[in-house]
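# An overview of the molecular structure
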Amino acid sequence: MDRGVLCQAMALLLVVCSLGPTSLAETVYCDLQPVDSEVTYVTSQVSEGCVAQIPDATLEVHVLFLTFLGDVSRLELTLQTSKQGGIRPREVLLILSVNKSIFLKLQAPGIPLQLAYDSKLVFHEALDANITQLPSFTTKDQLLNWANTRGSIASVAELSNPQSIFLRLDQASSSPFSCNLEPQKDMGHTLGWTPKAWGCRLEGVAGHKEAHILRILPGPEASPRTVTVKLELSCAWRDTDAAVLILQGPPYVSWLIEANHNMQIWTTGEYSLKIFPDRINPGFQLPNTTQGLLGEARRLNASVVASFVELPVANDVSLRTHSCGSGLQPSPTPVEITTPNKGCNQELLLTLIQPKCSSDGMTLVLKKDLISTLLCTIKSLTFWDSSCQAKETEDEFVLSSGYSSCGMEVMENVVSNEVVIRLLSSSSPQRKKVQCINMDSLSLQLGLYLSPHFLQASNTIELGQQGFVQVSVSPSIPELMIQLESCQLNLGPDMEIVELIQGQEAKSSCVSLLSPSPSGDIRFSFLLRGYMVPMPTTGILSCSVTMHPRIRSLALFLLQEVHKTVSTRLNIISTSLHDKGLVLPAVLGITFGAFLIGALLTAALWYIYSHTRHPGKREPVVAVAAPASSESSSTNHSIGSTQSTPCSTSSMA
């Protein structure tokens, strides 16, 4: 054969080979879209996380780092704790760090809850929880360090594109006592989550066969592991060709499959069925790209990709579907939020009504992309006075007013109004009451008292004396909650700052948190140390508080917590000799005098005894310095009781 003809034949053969399954897969048109809740995957594996047991903590902290693909997503979050025989569960702080806007549906029955998040990204209905504005952090470590200052961290998890999360608050006895992040962590009983599933219709394929594709991403360690996949399909029992399961993962992953229906199974790596665990079936060579796996589904005559999910290396994955072989239709457009009637979700729209309060007035901003995500069309946005309409720009609606117009109702320090939304899809307008607090008119007072009756404030305290402190806000606003974050006593540059309260808790046994006053003022007491070197003469007592609405359902907006610090200057005096005790020079003088008298008395007694006794009865004399020793001991005890109190030097004032 001519060499040129041979080369052409080989080139043609290479072209034909290049049209194999991989090339075909890459040319498959299948635009993956989010699918609804017909398909649900559940796993406890997270890309990074940790679990710890904290038996003695009064507040447990849980941190969730959540990454979403769409601009707006919906998240269902459930917290649950076991019944403890009538014992009230301890308080929980849940910190949410998100990268995109989400609508949060939270359930935490019977759990005293605090939430911390970025209010510009997280929207929800009215919740029975204290809300904290999450500070802006650039790194994960910064956020975790801040969380540590709030309480003991019980769990941390990093999730990608979750649809729902189930968090159990029961303590795992096998967990360590500190939460140290681990990559590819199995959270076990503590956390289960459902990732967002994607799907599409494969063009040009007839029939009703559907494909479920699960792709396990490589982990940090290439060690052999078995992934258990449990499937619950709602298929007609006689339809054995209704579904195909495609499992793709790293070469070190094998599969144990438990299914309630017959189906085709294609996997990378070996697999076995739970009903025949000893029968090992070889796997296949599958593409490791999204389009390649979609092409594999088409090659197996699937007309619909009912679910496509990517997960970190997991131990257990569950898949449930409420339909099978019915040509599951994904959303026709890439919309993350869907509602039963596919219309405007007015309930979620009202959660976006969160005005900003300032000294000048009230301002409400509604982003158009969030509104369109909820499938809503706004005809008008006004205050109670319909003449005060929102200004519309290309990206948003802006509704603003001063506190003296647009129907604002001013009652002492609370300003109220009503936002009215008229929608294209509804004949009746939606209304929401909003309120603001004028923070500029509020002032903090810090008072020191010398008795638990809190009758008369004082700016002077003696060493060794107990002080009673009260923090109050004027004027008093019942809707406003005040929390004491920290207090300290600064005794001057030559002495360490004494921490009295930190993280809303007493710092030592010398500090006691007291019941609030009838009007809600914060109270606590501390014991000042009886002796210090050098002796302080003045001190500065300072306290930091946070203020936020007491009841969130009132839509009372300080959207961000207000932090304020108040301080007062104290005069510190030492007790004198003629009133309550002996000063140190006097004590030392008495001690030296007692020692000298005891020594002279001992010498005199020895002289008398040695010169008056009978010479034949002289025996070694037992030392009789007991009076001096006893007196000295008594004196030393007196010094000790003068210089110390039940509180240690390092932990009290």
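Residues numbered from 1 in each chain as written. Predicted model: local features only at pLDDT ≥ 70, side-chain atom pairs only at ≥ 80, totals over all residues. Heavy atoms only, no water.

Per an unreviewed UniProt entry, the chain carries the name Endoglin isoform X1 and comes from Bison bison bison. Annotation of the chain in UniProt includes, under Subcellular location (unreviewed entry), the sentence "Cell membrane". (UniProt positions renumbered as here; feature names shortened; annotations may be inferred.)

The next point concerns the pairing of strand 23 (residues 304-311). Among the eight residues that make up strand 23, seven are buried, leaving the element largely enclosed by the rest of the structure. Where strand 15 (residues 198-201) meets strand 23, three bridges bridge the pair, whose relative direction is antiparallel. Following the sheet pairing, Cys200 is matched in strand 23 by Val305. Relative to strand 23, strand 16 (residues 210-216) runs parallel, the two being bridged by seven bridges. In the strand pairing of strand 23, His212 is matched with Ser307. (Buried < 20%, exposed > 50% of the residue type's maximum accessible area, 1.4 Å probe, protein only. Helix = DSSP H or I, 4+ residues; strand = E, 2+ residues; numbered from the N terminus. Pairing = 2+ DSSP bridges.)

Pairing is mixed in the open sheet, where six strands are placed in the order 1-15-23-16-18-20. Unpaired on one side and paired on the other, strand 1 (33-34) and strand 20 (264-267) mark the two borders of the sheet.

Turning next to the packing of aromatic side chains. Going through the model one piece at a time under the given rule, you end up with five aromatic pairs. On the basis of an interplanar angle of 35 degrees and a centroid distance of 4.1 Å, the ring pair of Trp266 and Phe284 is categorised as tilted. A residue pair is termed long-range when its members are at least 10 positions apart, and Trp266 in strand 20 and Phe284 in the loop between strand 22 (276-281) and helix 4 (290-299) qualify at 18 residues. Phe284 gets classed as partly exposed once you look at its relative accessible area, which sits at 35%. An aromatic cluster of at least three residues, connected via ring pairs, comprises Tyr449, Phe454 and Phe468. For Arg299, the ring lying beneath its charged end belongs to Trp266, and the centroid distance is 5.3 Å. (Phe/Tyr/Trp six-rings, centres within 6.5 Å; stacked < 30°, edge-to-face > 60°. Lys NZ or Arg CZ within 6 Å of the ring centre and 35° of its normal.)

A word on the layout of surface pockets. In this structure, the largest pocket occupies an estimated 1200 Å³ of space. Lining of the largest pocket is provided by 42 residues; of these, Gln483, Leu484, Glu485, Gly503 and Gln504 occupy positions nearest its centre. Of all the secondary-structure elements, those providing two or more residues to the lining of the largest pocket are helix 3 (140-150), strand 36 (480-490), strand 39 (511-514), strand 40 (522-527) and strand 41 (538-549). Considering each element in turn, the lining of the largest pocket owes the most residues, seven residues, to strand 36. (1 Å grid on protein atoms, 1.4 Å probe; cavity = no way out; pocket = protein on both sides within 12 Å on 5 of 7 lines; lining within 4 Å. Points joined across faces, edges and corners; volume = space filled by probe spheres on them.)

On to the environment of Glu418, then. Mapped onto the secondary structure, Glu418 falls in strand 31 (residues 414-423). The class of Glu418 is partly exposed, set by a relative accessible area of 23%. Leaving out residues up to four positions away in the same chain, Glu418 has contacts with Thr382, Phe383, Trp384, Arg431, Lys432 and Lys433. In this structure the side chain of Glu418 is engaged in a polar contact, spanning 3.3 Å, whose partner is the side chain of Arg431. (Contact = heavy atoms within 4.5 Å. Polar contact = N/O pair within 3.5 Å; in protein donor to acceptor, adjacent residues only side chain to side chain.)

This next bit is on empty space enclosed by the protein. Summed over all chains, the structure comprises one cavity of 30 Å³ or more. Forming the walls of the largest cavity are Val51, Ala52, Glu60, His62, Ala154, Arg168, Leu169, Asp170, Gln171, Ala172 and Thr190.

This part takes up the pattern of salt bridges. Going through the model one piece at a time under the given rule, you end up with 11 salt bridges. Here Glu182 ties to Lys185 by a salt bridge, and the two come within 3.9 Å at their closest N and O atoms. Take Glu182: its relative accessible area is 39%, and that puts it in the partly exposed class. The closest approach of N and O atoms between Lys230 and Glu232, which form a salt bridge, is 4.0 Å. Assessed through its relative accessible area of 34%, Lys230 is described here as partly exposed. Given the relative accessible area of 33%, Glu232 is considered partly exposed. Where salt bridges share partners, they join Glu48, Lys140 and Glu158 into one cluster. (Salt bridge = Lys/Arg side-chain N within 4 Å of Asp/Glu carboxyl O.)

Once that is clear, we can look at unusual backbone geometry. The phi torsion at Gln184 lies on the positive side, around 50 degrees, for a residue other than glycine. Position of Gln184 relative to the elements: it lies in strand 13 (residues 182-186). Positive phi is not limited to glycine here, since Cys406 has a value of about 60 degrees. Looking at the element boundaries, Cys406 is found in the loop between strand 29 (396-402) and strand 30 (409-411). Residue Cys406 is classed as buried on the basis of its relative accessible area of 9%.

This brings us to the state of the cysteines. Enumeration according to the criterion identifies four disulfides in this entry. Disulfide pairing places Cys344 opposite Cys376 at an S-S distance of 1.9 Å. In this structure the cystine formed by Cys344 and Cys376 twists about its S-S bond by roughly 85 degrees; its chirality is therefore right-handed. Of this pair, Cys344 sits in the loop between strand 24 (316-321) and helix 5 (346-351) while Cys376 sits in the loop between helix 6 (368-373) and strand 27 (378-382); the two residues are 32 residues apart in sequence, bridging distant segments of the chain. Cys344 sits in the buried class, given a relative accessible area of 12%. (Disulfide = S-S within 2.5 Å.)

Attention now goes to the confidence of the model for the chain. When the pLDDT values of the chain are averaged, the result is 77; 78% of them are 70 or greater. Across residues 620-646, where pLDDT falls below 50, the model places 16 contacts with residues more than four positions away in sequence or in other chains. Note on residues 648-653: pLDDT under 50 across the span, and 18 contacts to partners over four residues away in sequence or across chains. (pLDDT = per-residue confidence, 0-100.)

This part is about the sheet that holds strand 3 (residues 45-51). What the seven strands build is an open sheet, ordered 10-8-6-4-11-3-13; its pairing is mixed. Unpaired on one side and paired on the other, strand 10 (130-133) and strand 13 mark the two borders of the sheet. Taken over all neighbouring pairs, the strand axes of this sheet differ in orientation by 25 degrees on average, direction set aside. Where strand 4 (residues 59-67) lies against strand 6 (residues 91-98), eight bridges are found, and the strand directions are parallel. Counterpart to His62 in the pairing with strand 6 is Leu94. Packed onto the sheet, helix 3 meets strand 3, strand 4, strand 6, strand 8 (113-117), strand 10 and strand 11 (152-160) and runs at close to 160 degrees relative to strand 4. (Axes fitted to C-alpha atoms, helices over the stretch in contact; angles between N-to-C directions.)

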